[in-house]
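What follows is the residue order along each chain.
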Amino acid sequence: MRTLFCVFSGTGNTLKVSAALSENLRALGDETEVIRIKKGSEVCPEKFDRLIISYHIHAFNAPTNVISFIKSLKNAELPTYIVCTSGEPLRLNDAAVLKPRRMLRKKGYDVLGEFSYVMPYNIIFRHSDEMAARMWQAALSRAKRDSDKIFNGERDLKRVNILKRATAYMFKIEHLAMPIVGRRFRVTENCVGCGACVDICPQKNIKLQDKKPTFGKDCIGCMGCVFHCPSDAIKPSIFNGWKVNGEYSFEGAPAKDDEVCSYCHKSYLRYFHESEQK
Ligand SMILES: Cc1cc2nc3c(=O)[nH]c(=O)nc-3n(C[C@H](O)[C@H](O)[C@H](O)COP(=O)(O)O)c2cc1C
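What you see as residue numbers is a count from 1 along each chain, following the sequence as written. Per-residue local features are limited, in this predicted model, to residues with pLDDT of at least 70; the limit for side-chain atom pairs, both in listing and counting, is 80 or more; totals at the level of whole chains, interfaces and linings are taken over all residues.

A run of H or I in DSSP counts as a helix once it spans at least four residues, and a run of E counts as a strand once it spans at least two, with each numbered from the N terminus. Across its full length, the protein chain carries nine helices and nine strands. Put simply, the radius of gyration uses C-alpha atoms, and a globule should come to 2.2 Å times the residue count raised to 0.38. Its C-alpha radius of gyration of 18 Å places the protein chain within 12% of the 19 Å reference for a compact globule of 278 residues. Here exposure depends only on C-beta density: within 10 Å of a residue's C-beta, 20 or more other C-beta atoms make it buried, 12 or fewer make it exposed, and intermediate numbers make it partly exposed, the C-beta atoms being placed from the backbone. Relative to its 278 residues, the protein chain shows a buried fraction of 42%. We call two residues in contact when their backbone-placed C-beta atoms lie within 7 Å. Intrachain contacts of the protein chain at a sequence separation of at least 6 include 79% that bridge at least 24 residues.

The structure is reproduced here in C-alpha coordinates:
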(Lines give C-alpha, C1' and ligand atoms only; values in the text may rest on other atoms or scores of the structure.)
Protein backbone atom coordinates (compact mmCIF):
# COMPACT_ATOMS: atom_id res chain seq x y z
CA MET A 1 0.00 0.00 0.00
CA ARG A 2 1.09 3.55 -0.66
CA THR A 3 0.21 5.81 2.25
CA LEU A 4 0.19 9.60 2.06
CA PHE A 5 0.59 11.60 5.27
CA CYS A 6 -0.54 15.24 5.04
CA VAL A 7 0.76 16.89 8.19
CA PHE A 8 0.15 20.27 9.74
CA SER A 9 2.65 20.93 12.51
CA GLY A 10 3.46 24.39 13.91
CA THR A 11 6.24 23.47 16.31
CA GLY A 12 7.22 19.92 15.34
CA ASN A 13 5.18 17.61 17.62
CA THR A 14 2.70 16.43 15.02
CA LEU A 15 5.45 15.91 12.49
CA LYS A 16 7.39 13.80 15.02
CA VAL A 17 4.36 11.61 15.74
CA SER A 18 3.53 11.26 12.04
CA ALA A 19 7.13 10.30 11.25
CA ALA A 20 6.93 7.53 13.89
CA LEU A 21 3.69 6.22 12.36
CA SER A 22 5.21 6.40 8.88
CA GLU A 23 8.28 4.49 10.01
CA ASN A 24 6.11 1.74 11.55
CA LEU A 25 4.02 1.43 8.40
CA ARG A 26 7.19 1.13 6.33
CA ALA A 27 8.39 -1.65 8.62
CA LEU A 28 5.09 -3.41 7.94
CA GLY A 29 5.64 -3.10 4.18
CA ASP A 30 3.92 0.16 3.14
CA GLU A 31 5.45 2.85 0.97
CA THR A 32 4.89 6.19 2.66
CA GLU A 33 5.21 9.85 1.78
CA VAL A 34 4.98 12.67 4.32
CA ILE A 35 4.10 16.17 3.12
CA ARG A 36 3.62 19.32 5.22
CA ILE A 37 0.38 21.29 4.95
CA LYS A 38 1.44 24.84 4.12
CA LYS A 39 -0.26 27.70 2.31
CA GLY A 40 -0.60 26.72 -1.34
CA SER A 41 0.40 23.06 -0.86
CA GLU A 42 -1.30 20.78 -3.36
CA VAL A 43 -1.44 17.00 -3.23
CA CYS A 44 -2.79 14.20 -5.39
CA PRO A 45 -4.28 11.69 -2.91
CA GLU A 46 -5.72 9.67 -5.79
CA LYS A 47 -2.17 8.46 -6.51
CA PHE A 48 -2.14 6.73 -3.09
CA ASP A 49 -4.02 3.82 -1.49
CA ARG A 50 -4.49 5.38 1.93
CA LEU A 51 -4.61 8.90 3.36
CA ILE A 52 -3.62 10.16 6.80
CA ILE A 53 -4.35 13.74 7.86
CA SER A 54 -2.44 14.90 10.95
CA TYR A 55 -2.72 18.20 12.78
CA HIS A 56 -2.41 19.77 16.20
CA ILE A 57 -5.48 20.80 18.13
CA HIS A 58 -6.12 24.51 18.29
CA ALA A 59 -8.74 25.68 20.81
CA PHE A 60 -10.41 22.22 20.83
CA ASN A 61 -10.82 22.33 17.05
CA ALA A 62 -8.89 21.59 13.89
CA PRO A 63 -6.78 24.58 12.76
CA THR A 64 -8.38 26.76 10.09
CA ASN A 65 -5.64 26.06 7.52
CA VAL A 66 -6.31 22.32 7.83
CA ILE A 67 -9.98 22.97 7.08
CA SER A 68 -8.96 25.00 4.00
CA PHE A 69 -6.56 22.22 2.96
CA ILE A 70 -9.30 19.57 3.20
CA LYS A 71 -11.61 21.87 1.20
CA SER A 72 -8.99 21.96 -1.55
CA LEU A 73 -8.60 18.14 -1.72
CA LYS A 74 -9.97 16.37 -4.77
CA ASN A 75 -12.66 13.74 -4.16
CA ALA A 76 -11.28 10.24 -3.72
CA GLU A 77 -12.49 6.97 -2.25
CA LEU A 78 -9.58 6.19 0.06
CA PRO A 79 -9.35 4.60 3.48
CA THR A 80 -8.47 7.57 5.68
CA TYR A 81 -7.29 8.16 9.24
CA ILE A 82 -7.05 11.34 11.30
CA VAL A 83 -4.18 11.89 13.76
CA CYS A 84 -4.32 14.73 16.31
CA THR A 85 -1.79 15.98 18.83
CA SER A 86 -2.70 18.12 21.82
CA GLY A 87 -1.01 19.51 24.91
CA GLU A 88 -3.66 18.25 27.32
CA PRO A 89 -5.05 14.74 27.65
CA LEU A 90 -8.62 16.08 27.89
CA ARG A 91 -11.43 14.20 26.16
CA LEU A 92 -12.84 17.60 25.19
CA ASN A 93 -10.17 17.61 22.49
CA ASP A 94 -12.01 14.76 20.70
CA ALA A 95 -14.35 17.28 19.08
CA ALA A 96 -11.42 18.42 16.91
CA VAL A 97 -11.95 15.49 14.54
CA LEU A 98 -15.60 16.24 13.76
CA LYS A 99 -15.35 18.85 11.03
CA PRO A 100 -12.47 17.17 9.15
CA ARG A 101 -14.30 13.82 9.40
CA ARG A 102 -17.52 15.33 7.99
CA MET A 103 -15.73 17.18 5.18
CA LEU A 104 -13.61 14.17 4.18
CA ARG A 105 -16.63 11.87 4.08
CA LYS A 106 -18.50 14.32 1.85
CA LYS A 107 -15.59 14.05 -0.58
CA GLY A 108 -15.78 10.26 -0.63
CA TYR A 109 -12.96 9.48 1.82
CA ASP A 110 -13.74 6.54 4.07
CA VAL A 111 -12.69 7.84 7.51
CA LEU A 112 -11.98 4.67 9.47
CA GLY A 113 -10.15 5.84 12.55
CA GLU A 114 -9.02 8.79 14.65
CA PHE A 115 -6.01 8.74 16.96
CA SER A 116 -4.89 11.19 19.65
CA TYR A 117 -1.43 11.89 21.03
CA VAL A 118 -0.48 14.16 23.89
CA MET A 119 2.71 16.08 23.26
CA PRO A 120 4.34 18.96 25.15
CA TYR A 121 2.67 22.32 25.15
CA ASN A 122 3.81 24.93 22.66
CA ILE A 123 1.78 27.60 24.44
CA ILE A 124 0.52 28.37 27.97
CA PHE A 125 3.48 26.85 29.86
CA ARG A 126 6.56 24.81 29.17
CA HIS A 127 6.37 21.17 30.19
CA SER A 128 9.51 19.80 31.84
CA ASP A 129 11.85 17.78 29.63
CA GLU A 130 11.01 14.78 31.86
CA MET A 131 7.31 15.20 31.02
CA ALA A 132 8.22 15.56 27.33
CA ALA A 133 10.21 12.31 27.51
CA ARG A 134 7.30 10.47 29.16
CA MET A 135 4.92 11.82 26.51
CA TRP A 136 7.26 10.64 23.77
CA GLN A 137 7.53 7.19 25.31
CA ALA A 138 3.71 7.03 25.44
CA ALA A 139 3.50 8.27 21.83
CA LEU A 140 5.85 5.53 20.63
CA SER A 141 3.72 2.83 22.32
CA ARG A 142 0.53 4.28 20.85
CA ALA A 143 2.13 4.68 17.42
CA LYS A 144 2.96 0.98 17.40
CA ARG A 145 -0.66 0.05 18.19
CA ASP A 146 -2.17 2.65 15.86
CA SER A 147 0.03 1.76 12.89
CA ASP A 148 -1.03 -1.88 13.23
CA LYS A 149 -4.67 -0.74 13.17
CA ILE A 150 -4.03 1.47 10.14
CA PHE A 151 -2.18 -1.28 8.32
CA ASN A 152 -5.03 -3.74 8.97
CA GLY A 153 -7.72 -1.19 8.02
CA GLU A 154 -9.36 -1.38 11.45
CA ARG A 155 -12.07 1.05 12.51
CA ASP A 156 -11.50 3.21 15.61
CA LEU A 157 -13.66 6.31 15.58
CA LYS A 158 -14.17 8.78 18.42
CA ARG A 159 -17.55 9.32 20.02
CA VAL A 160 -18.16 12.98 20.72
CA ASN A 161 -21.10 13.97 22.89
CA ILE A 162 -23.13 17.15 22.58
CA LEU A 163 -21.34 18.84 25.51
CA LYS A 164 -17.91 18.48 23.87
CA ARG A 165 -19.35 19.66 20.55
CA ALA A 166 -20.88 22.77 22.15
CA THR A 167 -17.73 23.67 24.08
CA ALA A 168 -15.51 23.24 21.02
CA TYR A 169 -17.92 25.38 19.01
CA MET A 170 -17.64 28.24 21.51
CA PHE A 171 -13.83 28.14 21.45
CA LYS A 172 -13.83 28.77 17.68
CA ILE A 173 -13.81 32.44 18.60
CA GLU A 174 -10.04 32.07 19.10
CA HIS A 175 -9.70 31.16 15.42
CA LEU A 176 -11.63 34.26 14.38
CA ALA A 177 -9.39 36.44 16.57
CA MET A 178 -6.06 35.05 15.31
CA PRO A 179 -5.67 37.20 12.17
CA ILE A 180 -6.19 40.33 14.31
CA VAL A 181 -3.95 39.16 17.15
CA GLY A 182 -1.31 37.87 14.72
CA ARG A 183 -0.89 41.30 13.14
CA ARG A 184 0.13 42.60 16.55
CA PHE A 185 3.06 40.19 16.98
CA ARG A 186 6.24 42.25 17.52
CA VAL A 187 9.96 41.61 17.91
CA THR A 188 12.23 42.82 20.70
CA GLU A 189 15.74 44.26 20.31
CA ASN A 190 17.01 40.65 20.55
CA CYS A 191 15.92 40.08 16.96
CA VAL A 192 18.97 39.54 14.72
CA GLY A 193 16.98 39.49 11.46
CA CYS A 194 17.96 35.89 10.69
CA GLY A 195 14.65 35.16 8.93
CA ALA A 196 14.04 31.81 10.69
CA CYS A 197 10.45 32.95 11.38
CA VAL A 198 9.91 33.73 7.69
CA ASP A 199 10.96 30.22 6.72
CA ILE A 200 8.94 28.45 9.40
CA CYS A 201 5.62 30.26 8.92
CA PRO A 202 3.22 27.82 7.18
CA GLN A 203 1.05 30.73 6.08
CA LYS A 204 3.84 32.79 4.43
CA ASN A 205 2.61 35.53 6.73
CA ILE A 206 5.96 36.97 7.86
CA LYS A 207 8.16 39.24 5.73
CA LEU A 208 11.50 40.84 6.53
CA GLN A 209 11.59 44.62 6.16
CA ASP A 210 14.92 46.28 6.89
CA LYS A 211 15.98 42.99 8.51
CA LYS A 212 13.01 43.03 10.91
CA PRO A 213 9.99 40.72 10.62
CA THR A 214 6.58 42.18 9.91
CA PHE A 215 3.45 40.14 10.50
CA GLY A 216 0.54 40.05 8.03
CA LYS A 217 -3.12 39.19 8.40
CA ASP A 218 -2.97 35.43 7.74
CA CYS A 219 -1.71 34.21 11.14
CA ILE A 220 -3.38 31.04 12.40
CA GLY A 221 -1.61 31.07 15.77
CA CYS A 222 0.50 27.92 15.34
CA MET A 223 3.32 29.55 17.37
CA GLY A 224 5.97 28.14 15.02
CA CYS A 225 7.73 31.53 14.76
CA VAL A 226 7.65 32.15 18.52
CA PHE A 227 8.80 28.64 19.45
CA HIS A 228 11.63 28.39 16.93
CA CYS A 229 13.03 31.94 17.18
CA PRO A 230 16.72 31.33 18.03
CA SER A 231 16.95 34.56 20.04
CA ASP A 232 13.51 34.30 21.68
CA ALA A 233 12.70 37.71 20.21
CA ILE A 234 9.02 37.40 19.20
CA LYS A 235 6.29 38.78 21.44
CA PRO A 236 2.98 37.16 20.47
CA SER A 237 0.72 40.04 21.54
CA ILE A 238 -1.94 38.92 24.06
CA PHE A 239 -0.33 35.45 24.22
CA ASN A 240 2.99 36.84 25.47
CA GLY A 241 2.41 35.56 29.02
CA TRP A 242 1.82 32.07 27.57
CA LYS A 243 4.87 32.07 25.30
CA VAL A 244 6.97 28.90 24.98
CA ASN A 245 10.34 29.13 23.21
CA GLY A 246 12.89 26.48 22.31
CA GLU A 247 12.93 22.78 21.39
CA TYR A 248 12.10 20.14 23.96
CA SER A 249 14.52 17.35 24.63
CA PHE A 250 12.65 14.05 24.43
CA GLU A 251 15.63 11.89 25.24
CA GLY A 252 16.18 12.25 29.01
CA ALA A 253 14.70 10.23 31.86
CA PRO A 254 10.89 10.21 31.63
CA ALA A 255 8.89 11.70 34.52
CA LYS A 256 7.81 9.08 37.05
CA ASP A 257 4.18 9.06 38.18
CA ASP A 258 4.90 11.29 41.20
CA GLU A 259 6.77 13.77 38.95
CA VAL A 260 3.86 14.23 36.52
CA CYS A 261 2.82 17.91 36.47
CA SER A 262 0.12 18.96 38.92
CA TYR A 263 -1.92 20.62 36.17
CA CYS A 264 -4.41 17.99 34.86
CA HIS A 265 -2.37 15.48 36.91
CA LYS A 266 -5.01 12.73 36.88
CA SER A 267 -5.70 13.08 33.16
CA TYR A 268 -1.99 12.83 32.27
CA LEU A 269 -1.62 9.75 34.48
CA ARG A 270 -4.67 8.13 32.87
CA TYR A 271 -3.25 8.85 29.42
CA PHE A 272 0.22 7.49 30.29
CA HIS A 273 -1.14 4.33 31.88
CA GLU A 274 -3.51 3.70 28.95
CA SER A 275 -0.64 4.21 26.50
CA GLU A 276 1.68 1.89 28.37
CA GLN A 277 -0.78 -1.04 28.46
CA LYS A 278 0.45 -3.84 26.23
C1 LIG B 1 -3.08 28.64 19.76
C2 LIG B 1 -2.99 27.25 20.33
C3 LIG B 1 -4.13 26.64 20.82
C4 LIG B 1 -4.04 25.34 21.38
N5 LIG B 1 -5.16 24.74 21.82
C6 LIG B 1 -5.08 23.54 22.41
C7 LIG B 1 -6.26 22.89 22.88
O8 LIG B 1 -7.39 23.37 22.72
N9 LIG B 1 -6.12 21.71 23.52
C10 LIG B 1 -4.89 21.13 23.72
O11 LIG B 1 -4.81 20.08 24.35
N12 LIG B 1 -3.75 21.68 23.22
C13 LIG B 1 -3.83 22.87 22.57
N14 LIG B 1 -2.69 23.46 22.07
C15 LIG B 1 -1.40 22.75 22.21
C16 LIG B 1 -0.96 22.02 20.94
O17 LIG B 1 -2.06 21.37 20.32
C18 LIG B 1 0.11 20.97 21.24
O19 LIG B 1 1.20 21.52 21.93
C20 LIG B 1 0.58 20.29 19.97
O21 LIG B 1 1.28 19.11 20.29
C22 LIG B 1 1.46 21.16 19.09
O23 LIG B 1 1.74 20.46 17.90
P24 LIG B 1 2.77 20.97 16.79
O25 LIG B 1 4.13 21.03 17.45
O26 LIG B 1 2.73 19.93 15.73
O27 LIG B 1 2.31 22.30 16.33
C28 LIG B 1 -2.77 24.69 21.46
C29 LIG B 1 -1.64 25.31 20.92
C30 LIG B 1 -1.75 26.57 20.35
C31 LIG B 1 -0.52 27.21 19.79
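Attention now moves to the site of the ligand. Here is the check we use: build the C-beta atom from the backbone, and if it is within 6 Å of the molecule or strand, call the residue near. Close to the ligand lie 23 residues; Ser-9, Asn-13, Thr-14, His-56 and Ser-86 are nearest. Elements with a minimum of two residues in the shell around the ligand: α1 (13-28) and β4 (79-86). Note that Gly is not counted as nonpolar here; it falls among the polar residues with everything else outside the nonpolar set of Ala, Val, Leu, Ile, Met, Phe, Trp, Tyr, Cys and Pro and the charged set of Asp, Glu, Lys and Arg. Residue classes in the shell around the ligand are distributed as eight nonpolar, 14 polar and one charged. What fixes the domain bounds is an automatic or database domain assignment. If you count residues domain by domain, the shell around the ligand takes at least three from each of domain 1 (2-165) and domain 2 (176-242).

Turning our attention to the domain arrangement of the protein chain. Frequently, the measure chosen for interface size is the accessible area that the parts lose on association. When the domains of the protein chain are assigned, the result is domain 1 (2-165) and domain 2 (176-242). Computed from C-alpha atoms alone, the centre-to-centre distance between domain 1 and domain 2 is 25 Å. On the domain 2 side, the residues contacting the 12 residues of domain 1 number 11 residues. For the side of domain 1 that touches domain 2, the residue count by class is four nonpolar, six polar and two charged.

Counting residues in hydrophobic clusters, the biggest one holds 51 residues, and the most contacted among them are Val-83, Ala-96, Met-135 and Ala-139. Those elements that provide at least two residues to this core are β1 (2-7), α1, β3 (50-56), α2 (64-72), β4, β5 (110-118), α4 (129-151) and α9 (265-276). For this core, the element with the most residues is α4, which contributes nine residues. Beyond its immediate chain neighbours, meaning those up to four positions away, Val-83 contacts Val-17, Ser-18, Leu-21, Ile-52, Ser-54 and Phe-115. By definition, a nonpolar core groups buried Ala, Val, Leu, Ile, Met, Phe, Trp, Tyr and Cys residues that are joined through C-beta atoms within 7 Å.

Attention now goes to α2. For α2, the set of buried residues is Asn-65, Val-66, Phe-69 and Ile-70. The buried residues of α2 all sit within an arc of 140 degrees when viewed along its axis, so they share a single face. Looking at α2, the residues exposed on the side facing more than 90 degrees away from the buried face are Ser-68, Lys-71 and Ser-72. Residues of α2 that are buried sit in contact with β1, β3 and α3 (98-106). The directions from the helix axis to the C-beta atoms are what the arc is built from.

For the rest of this paragraph, the subject is unusual backbone geometry. The backbone of Lys-211 shows a phi angle near 65 degrees, a positive value even though the residue is not glycine. Mapped onto the fold, Lys-211 is located in the loop between β7 (206-209) and β8 (212-215). You can call Lys-211 exposed: it has 10 C-beta atoms within 10 Å.

This brings us to the sheet that holds strand β2 (residues 31-36). Sheet architecture is open: five strands sit in the order β2-β1-β3-β4-β5, paired in parallel fashion. Bordering the open sheet on either side are β2 and β5, each of which pairs with just one other strand. In this sheet, neighbouring strand axes are inclined to one another by 20 degrees on average, regardless of whether the strands run parallel or antiparallel. Inspection of the sheet shows β4 paired to β5 by eight bridges, in the parallel sense. For Thr-85, the partnering residue across the bridge sits in β5 and is Tyr-117. Here, strands pair whenever DSSP counts at least two bridges between them. Angles run from 0 to 180 degrees between N-to-C directions of axes, and those axes are lines fitted to C-alpha atoms, restricted for helices to the stretch in contact.

Here we take up the pairing of β4. For β4, the buried fraction is high: seven of the eight residues fall into the buried class. As paired strands, β3 and β4 are joined by six bridges and run parallel to one another. Bridge pairing links Ser-54 to Val-83 in β4. In this fold, β4 hands off to α3, which returns the chain to β5; that crossover is right-handed. With strands facing away from the observer, any crossover in which the path from the first strand over the helix to the second runs clockwise is taken as right-handed.

For the rest of this paragraph, the subject is the packing of α4 against α9. For the pair α4 and α9, the least separation of the axes is 8 Å and the interaxial angle reads 40 degrees. In terms of their interaxial angle, α4 and α9 are classed as oblique. Once α4 is placed against α9, the crossing between them reads as left-handed. Taken together, the residues of α9 that come into contact with α4 (itself represented by Arg-134, Ala-138, Ser-141 and Arg-142) are Tyr-271, Phe-272, Ser-275 and Glu-276. Any angle between 65 and 115 degrees counts as roughly perpendicular, while under 35 counts as roughly parallel, over 145 as roughly antiparallel, and the rest as oblique. By definition, any crossing whose near helix is turned counterclockwise from its far helix by less than a right angle is left-handed, and any crossing with a clockwise turn is right-handed.

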